[in-house]
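Secondary and tertiary structure notes
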Amino acid sequence: MITEIPDFNIRAFNTFGMNVECSKWIDYTEPSDLPSVFASVDRHRFRCIGAGSNMLFTGNYDGTLIHSSILSVETEPCDNGMTRLRVGSGMTFDKVIEMSAAAGLWGIENLSAIPGDAGAAAVQNIGAYGVEVKDVIESVEVYDIQENRFRTIDRVECGYGYRMSMFKLPENRYRYVVTAINILLSATSGPKLDYGNIRQALEDKEVSALTPMDVREAIIRIRDEKLPAPELVGSAGSFFKNPVVSREVYDKVCLIAGESVRVPHYEVEAGVKIPAAWLIEQCGFKGKTKGNAAVWHKQPLVIVNANGQATPDEIIGLEQDICRAVDQRYGITLEPEVDHI
Ligand code: EPU
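Residues numbered from 1 in each chain as written. Predicted model: local features only at pLDDT ≥ 70, side-chain atom pairs only at ≥ 80, totals over all residues. Heavy atoms only, no water.

Description of the site of the ligand
Just so we agree on the cut-off: A molecule or strand has a residue near it when one of that residue's heavy atoms lies within 4 Å. Pairs of N or O atoms within 3.5 Å make up the polar contacts considered here, provided that, within protein, one atom can donate a hydrogen while the other can accept it, and that residues adjacent in sequence are counted only when both atoms are side-chain atoms. Each accessible area value is a Shrake-Rupley result obtained with a 1.4 Å probe; residue values ignore everything except the protein chains displayed when judging cover. Secondary structure is summarised from DSSP: a helix means a run of H or I of at least four residues, a strand means a run of E of at least two, and numbering begins at the N terminus for each. For this scheme, ten residues count as nonpolar: Ala, Val, Leu, Ile, Met, Phe, Trp, Tyr, Cys and Pro. Four count as charged, namely Asp, Glu, Lys and Arg, and the remainder, Gly too, count as polar.
Neighbouring the ligand are 24 residues; Tyr129, Tyr162, Tyr195, Glu281 and Lys286 lie closest to it. Lys226 is positioned with one of its side-chain polar atoms (N or O) 2.9 Å from an oxygen atom of the ligand. Coverage of the ligand by the protein chains reaches 82% of its 820 Å² of free accessible surface. Contributions of two or more residues to the shell around the ligand are made by strand S8 (127-128), helix H5 (212-226), strand S13 (234-238) and helix H7 (276-282). Tallied by class, the residues present in the shell around the ligand amount to 12 nonpolar, 5 polar and 7 charged.

Right, dumping it as structure tokens:
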């Protein structure tokens with residue numbers, strides 16, 4: 001079923017809570033709706049939107065927002081002992097995690113409580129606590145607007161990287177609409193507990209006795225401690241990506257920090273990853289406000305709509321202040337993780 005609404009206010013459909021409109025809102029419930037949806041949509045003035053949890057609307061959107069309400073979940077055992085879940089793109093991904101954890105299936109429990117829908121999770125390659133959704137994705141089902149056909153894209157062709165996939169490449173921006181994702185979960189693989197303080201959050205539980213639900217609950221406790229509650233404070237999660245810099249730039253950051261400070265960092269293939277949260281905090285932005293926008297007081301990587309009244313300009317103003325300060329102090333250019341639309 002297709003529902004079309006002109007001049008639609010999307011405040012309730014972006015987690016930042018920006019009070020803006022789109023020219024047209026289209027909701028659809030079946031993959032088979034898509035050919036007729038695209039028969040009338042301007043193919044260069046539309047965006048697919050899930051829960052709007054990684055988007056900053058910079059003003060009214062002069063185009064069509066296309067929203068999936070494909071809410072199916074099919075479960076199928078595979079020959080190799082894994083279980084395949086075929087999840088409709090409009091399913092809230094956390095609901096899928098809750099269901100799979102309750103069924104004793106491992107693989108996505110560390111991604112618990114990340115806001116957003118399944119389709120967007122596969123495009124964005126959401127990640128947290130040592131797991132990325134690409135780790136479990138087998139394939140992504142799409143409608144290819146350029147070729148007017150449905151396709152299944154395997155995980156290699158998805159071209160996954162850190163918060164990246166081929167669906168995000170500029171040449172593909174108006175090409176693919178995700179209809180379903182296929183993920184492979186395991187009843188036996190066990191927990192991934194190496195990131196940060198997951199082990200502590202599990203208190204004294206024996207690792208061998210842990211269930212996916214135990215880990216899910218621990219992750220939710222950790223997130224509740226540090227991140228704003230999405231239903232109370234508008235944000236889009238991490239606003240910036242963690243930058244990967246050269247060894248020389250990392251050495252310079254250490255020099256600026258001084259001998260007594262240990263600069264947090266992780267060695268990665270392309271260089272050294274430094275947490276953007278640390279850089280932003282060092283520049284004095286933790287808890288800082290600008291009008292109705294603020295840097296979250298417990299996790300400075302998150303910019304929030306502090307009282308629900310922030311405008312796009314206030315959020316962008318704070319973003320620019322942060323980028324300028326980090327660049328001036330460390331010579332590092334922060335890249336937004338949130339899509340500006
Ligand atoms: N840090 C500070 N000050 C703070 C908070 C953190 O200096 O107030 C430094 C610490 O060194 C800490 C490090 O930042 O060890 C990393 O912090 P955290 O574990 O909170 O993770 P992050 O790198 O800031 C990333 C993801 C989050 C994800 C967490 C946990 C990105 C852009 N963000 O944040 O994802 O939940 O790891 O895995 O990679 C999101 O993408 O929206 C998101 C919330």
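Details of the nonpolar core
Rules: As used here, the term nonpolar core means buried Ala, Val, Leu, Ile, Met, Phe, Trp, Tyr and Cys residues forming a set that is joined through side-chain atoms within 4.5 Å. Burial classes: relative accessible area under 20% of the type maximum marks a residue as buried, over 50% as exposed, and values in between as partly exposed (1.4 Å probe, protein chains only). Between two residues, a contact is recorded if the distance between any of their heavy atoms is within 4.5 Å.
The biggest cluster of nonpolar side chains holds 46 residues, and the ones touching the most others in it are Phe57, Phe240, Ile274, Ile280, Ile315, Ile322 and Val326. Elements represented by at least two residues in this core include exactly strand S2 (21-28), strand S4 (55-56), strand S5 (61-68), helix H6 (247-257), H7, strand S18 (293-295) and helix H8 (312-330). Top element by residues in this core is H8. It accounts for 7 residues. Those residues within four positions of Ile322 in sequence are excluded, and the remaining contacts are Phe240, Ile280, Phe285, Val295, Ile303 and Leu334.

Some points on helix H2 (residues 93-102)
Worth spelling out the cut-off: By construction, the arc corresponds to the directions joining the helix axis to the C-beta atoms.
For H2, the set of buried residues is Phe93, Asp94, Val96, Ile97, Ser100 and Ala101. The arc that holds every buried residue of H2, seen down its axis, measures 150°, which confines them to one face. On its buried face, H2 is in contact with strand S7 (82-88), helix H3 (118-124), strand S12 (176-186) and H5. At the exit of H2 stands Gly104, carrying a positive phi of roughly 80°.

Brief notes about the side chain of Asn182
With respect to the secondary-structure elements, Asn182 resides in strand S12. Apart from residues lying up to four places away in sequence, Asn182 is in contact with Arg84, Leu85, Arg86, Val136, Ile137, Glu138, Ser139 and Glu141.

Observations regarding the sheet that holds strand S15 (residues 266-268)
Spelled out, the test is: Think of it this way: DSSP has to see at least two bridges between two strands before they count as a pair.
A sheet is described by the order of its strands in space; here 3 strands give the open sequence S14-S16-S15, paired in antiparallel fashion. The sheet is open, and its two borders are formed by strand S14 (244-245) and S15, each paired with just one other strand. Alignment of S14 against strand S16 (residues 271-273), held across 2 bridges, turns out to be antiparallel. Each bridged residue has a counterpart across the sheet, and for Val245 the counterpart in S16 is Val272.

Re the layout of surface pockets
The following threshold applies: A 1.4 Å probe that fits but cannot get out identifies a cavity on a 1 Å grid over protein atoms alone, an open set with protein on both sides within 12 Å along at least five of seven lines counts as a pocket, and a residue lines either if it has an atom within 4 Å of a point. Grid points are joined across faces, edges and corners, and a volume is the space filled by probe spheres set on the points.
Looking at the second largest pocket, its volume works out to about 150 Å³. Forming the walls of the second largest pocket are Ala51, Thr92, Ala113, Ile114, Pro115, Gly116, Pro230 and Glu231. Across the lining of the second largest pocket, the residue classes tally to 5 nonpolar, 2 polar and 1 charged.

Notes on the pattern of salt bridges
Keep this limit in mind: Salt bridge, as used here, is a side-chain nitrogen of Lys or Arg placed within 4 Å of a carboxyl oxygen of Asp or Glu.
Tallying each qualifying case throughout the model produces 23 salt bridges. Ionic pairing is found between Asp144 and Arg151, a salt bridge with its closest N-O pair at 3.9 Å. There is no split in this pair, since Asp144 and Arg151 are both buried. Note that Asp321 and Lys290 form a salt bridge whose closest N and O atoms lie 2.8 Å from each other. Taken together, the residues Asp321 in helix H8 and Lys290 in strand S17 (residues 289-290) connect sequence positions 31 residues apart. Residues participating in the shared-partner salt-bridge network are Asp144, Glu147, Arg149, Arg151, Glu157 and Arg175.

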